[in-house]
Amino acid sequence: MHRSIFEPEHELFRDQVRRFCEREVAPHYRDWERAGVTPRSLWRRMGDAGLLCTTIPTEYGGGGGSFLHAMVVTEELARVGANLGVAVHSDMVSPYLVHYASETLKRRLLPKLCRGELIGSIAMTEPGIGSDLKSMSTRAVRDGDHWVISGQKVWITNGMNCGVALVACKTDPAAGARGVSLVAVEEGTPGFTRQGPMDKIGLKAQDTAELFFDEVRVPLSNLVGEEGRGFRYLMEQLPQERLVIAARSAAILETQIEATRAYAAQRQVFGRLVIDFQNSRFKLAEAKAYAAMLRSFVDACVTEHLAGGISSERAAMAKLVATELLGRYLDECLQLHGGYGYSNEYGVGRAWVDARVTRIAGGTSEVLKDIIGRGF
Ligand SMILES: Cc1cc2nc3c(=O)[nH]c(=O)nc-3n(C[C@H](O)[C@H](O)[C@H](O)COP(=O)(O)OP(=O)(O)OC[C@H]3O[C@@H](n4cnc5c(N)ncnc54)[C@H](O)[C@@H]3O)c2cc1C
């Protein structure tokens, strides 16, 4: 399908990213799944190859590209079936710093994030709250020149490996959403511990952990942006995160439809190829048609985002539709593989398990419908 959003420079970049993914990621991915974590050394190699923080300005060590460069990395990792937390690092954590952090904090953290020397995480969810973020209970209390942070976060992507966590905390518990701030907590700070990787049903190579803060003292200058504006920053950046999830879902769906077509075109059943059953062709045709519609919508959303920032409603639509279609049609693709769909030998089974979380993390489908419904 012809896509008009990319220029030749993005396609050149895509070739480079594709080669990297095929050489450095795909052959090792099963080992990382078994280990439950991706080695830190991969991040260094990605940094050296210019695949991290592609949109971050060059003055901070980033690629200086546009959201299209970020899309290319997301799509190519999806193409080899890799779920690594790279988008969290490059397209969530780093942009928070670029948009809101002090110049000193930017200069201290961003170059290392861009090189992959530091891995970033964003810690919002707590054991007691996920969707209702403004009710979080992690506290940051001012004490002289420091914040003292106490609380616990859960389900944090890049949690075990992260060198810096942007932690959403209450600095004024009585002020509701206006009492939330973002504070950067660095690895090695006394009182900051973690436990993981968490025992998940999928995303086995993605490092997901619980973070604990026991009177963790960080300098006041580690505040990201202004005190009390953290919730607003989250709401400003979540649409991009949701668009990334939508783009990734579209790429996974296209990849698995093609893989299923290829499988069905060589598997013999009752003396016929699986693809020669009308049912198989109908299933694949339907999946292909919806994937093409999805691709058009996601690319239109990307164009809107490039033109000034996608609205939260449109980003919610993109993530909702993309992840629901992904779940539905990966299930059909797995079915067309028969028993082999249920094995780890073919990517479709892993993609199917991994895809389930996309309807939960980054805003559940129900929360997204709530956002869209508010527009009526
Ligand atoms: C693999 C993985 C990685 C993650 N990575 C991160 C990360 O890096 N950083 C981070 O901060 N968090 C992360 N999360 C957490 C994720 O964002 C939350 O799980 C998600 O926001 C849902 O929160 P919850 O799990 O507390 O569910 P809950 O909020 O308890 O929701 C339970 C159910 O109630 C429904 N519900 C909630 N509100 C409404 C409503 N208004 N109307 C109708 N139904 C509603 C939900 O849709 C859901 O079905 C990750 C989660 C997973 C599984």
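As a reminder, the structure under discussion sits directly above these lines.
Residues numbered from 1 in each chain as written. Predicted model: local features only at pLDDT ≥ 70, side-chain atom pairs only at ≥ 80, totals over all residues. Heavy atoms only, no water.

A. Summary view of the site of the ligand. Taken together, 19 residues lie around the ligand, and T125, S131, W155, T364 and E366 are the ones closest in. Contacts to the ligand include S131, whose side-chain N or O atom sits 2.6 Å from an oxygen atom. One of the side-chain nitrogen or oxygen atoms of E366 is found 2.6 Å away from an oxygen atom of the ligand. Burial of the ligand by the surrounding chains reaches 64%, relative to a free accessible area of 980 Å². In terms of residue count, strand β3 (residues 146-157) provides more of the shell around the ligand than any other element does, three residues in total. Here the residues of the shell around the ligand sort into eleven nonpolar, six polar and two charged. (Near = heavy atom within 4 Å. Polar contact = N/O pair within 3.5 Å; in protein donor to acceptor, adjacent residues only side chain to side chain. Areas by Shrake-Rupley, 256 points an atom, 1.4 Å probe, with all protein chains shown as cover. Helix = DSSP H or I, 4+ residues; strand = E, 2+ residues; numbered from the N terminus. Nonpolar A, V, L, I, M, F, W, Y, C, P; charged D, E, K, R; others polar.)

B. Region of interest: the nonpolar core. V25 and I122 are the most contacted members of the largest nonpolar core, which totals 93 residues. Per element, the largest residue contribution to this core is 13 residues, and it comes from helix α7 (residues 230-264). (Core = buried A, V, L, I, M, F, W, Y, C linked by side-chain atoms within 4.5 Å. Buried < 20%, exposed > 50% of the residue type's maximum accessible area, 1.4 Å probe, protein only.)

C. Representation of the layout of surface pockets within the structure. A volume near 540 Å³ is recorded for the second largest pocket. M1, E254, T255, E258 and A291 are, among the 20 residues lining the second largest pocket, the residues nearest its centre. Contributing elements (two or more residues each) for the lining of the second largest pocket: α1 (8-25), α4 (67-79), α7 and α8 (278-306). Per element, the largest residue contribution to the lining of the second largest pocket is seven residues, and it comes from α8. Partitioned by chemical class, the residues of the lining of the second largest pocket number seven nonpolar, one polar and twelve charged. (1 Å grid on protein atoms, 1.4 Å probe; cavity = no way out; pocket = protein on both sides within 12 Å on 5 of 7 lines; lining within 4 Å. Points joined across faces, edges and corners; volume = space filled by probe spheres on them.)

D. How the structure looks around helix α11 (residues 365-373). Those residues of α11 not exposed but buried are S365, L368, I371 and I372. Considered in projection along α11, the buried side chains sweep an arc of 115° and stay on one side of the axis. In this structure, the buried residues of α11 make contact with α7 and α9 (312-336). (Arc of directions from axis to C-beta. Contact = heavy atoms within 4.5 Å.)

E. Geometry of the packing of aromatic side chains. Inspection of the entire model under this criterion finds seven aromatic pairs. Taking the centre distance of 5.3 Å and the plane angle of 80° together, the rings of Y263 and Y346 count as edge-to-face. Here Y263 is found in helix α7, whereas its partner Y346 is found in the loop between α9 and α10 (347-355), with 83 residues between them in sequence. Of the residues examined, Y346 reaches a relative accessible area of 26% and is grouped as partly exposed. (Phe/Tyr/Trp six-rings, centres within 6.5 Å; stacked < 30°, edge-to-face > 60°.)

F. Highlighting the packing of α4 against α7. Orientation of α4 relative to α7, taken along the N-to-C sense of each, is 40°, at an axis distance of 9 Å. On the basis of the axis angle, α4 is oblique to α7. Crossing of α4 over α7 shows right-handed handedness. Residues F67, M71, T74, E75, L77, A78 and R79 of α4 form the contact with α7, whose participating residues are Q240, L243, V244, A247, R248, A251, I252 and T255. Tallied by class, the residues present in the contact of α4 with α7 amount to nine nonpolar, three polar and three charged. (Axes fitted to C-alpha atoms, helices over the stretch in contact; angles between N-to-C directions. Parallel < 35°, antiparallel > 145°, perpendicular 65-115°, else oblique. Left-handed = near helix turned anticlockwise from the far one by under 90°.)

G. Spatial organisation of the environment of S94. As for its placement among the helices and strands, S94 is situated in helix α5 (residues 86-100). Taking the C-alpha atoms as reference, S94 lies 34 Å from N344; in sequence the two are 250 residues apart. In contact with S94, not counting residues within four places along its chain, are C53, I56, H89, L110 and L113.

H. View of empty space enclosed by the protein. This structure, assessed with the given rule, holds one cavity of 30 Å³ or more. Within the residue set of the lining of the largest cavity, elements represented by two or more residues are α4 and α5. Among the elements that make up the lining of the largest cavity, the one with the highest residue count is α5 (four residues). A class-by-class count of the residues in the lining of the largest cavity yields five nonpolar, three polar and one charged.

I. Quick look at the packing of α4 against α8. Taken N-terminus to C-terminus, the directions of α4 and α8 make an angle of 145°; their axes are 10 Å apart at the nearest point. Contact residues: F67, L68, M71 and E75 in α4; R295, D299, V302, H305 and L306 in α8. Counted by class, the contact of α4 with α8 contains five nonpolar, one polar and three charged residues.

J. Local environment of the pairing of β3. Pairing analysis gives five bridges linking strand β2 (residues 139-143) to β3, with the strands arranged antiparallel. Paired with R142 across the strands is W147, a residue of β3. Between β2 and β3, which pair antiparallel one after the other, the connecting turn spans two residues, and G144 there sits at a positive phi close to 65°. Alignment of β3 against strand β7 (residues 208-219), held across nine bridges, turns out to be antiparallel. Within β7, the residue paired with K153 across the bridge is L211. (Pairing = 2+ DSSP bridges.)

All we've got here are geometric facts, nothing functional implied.
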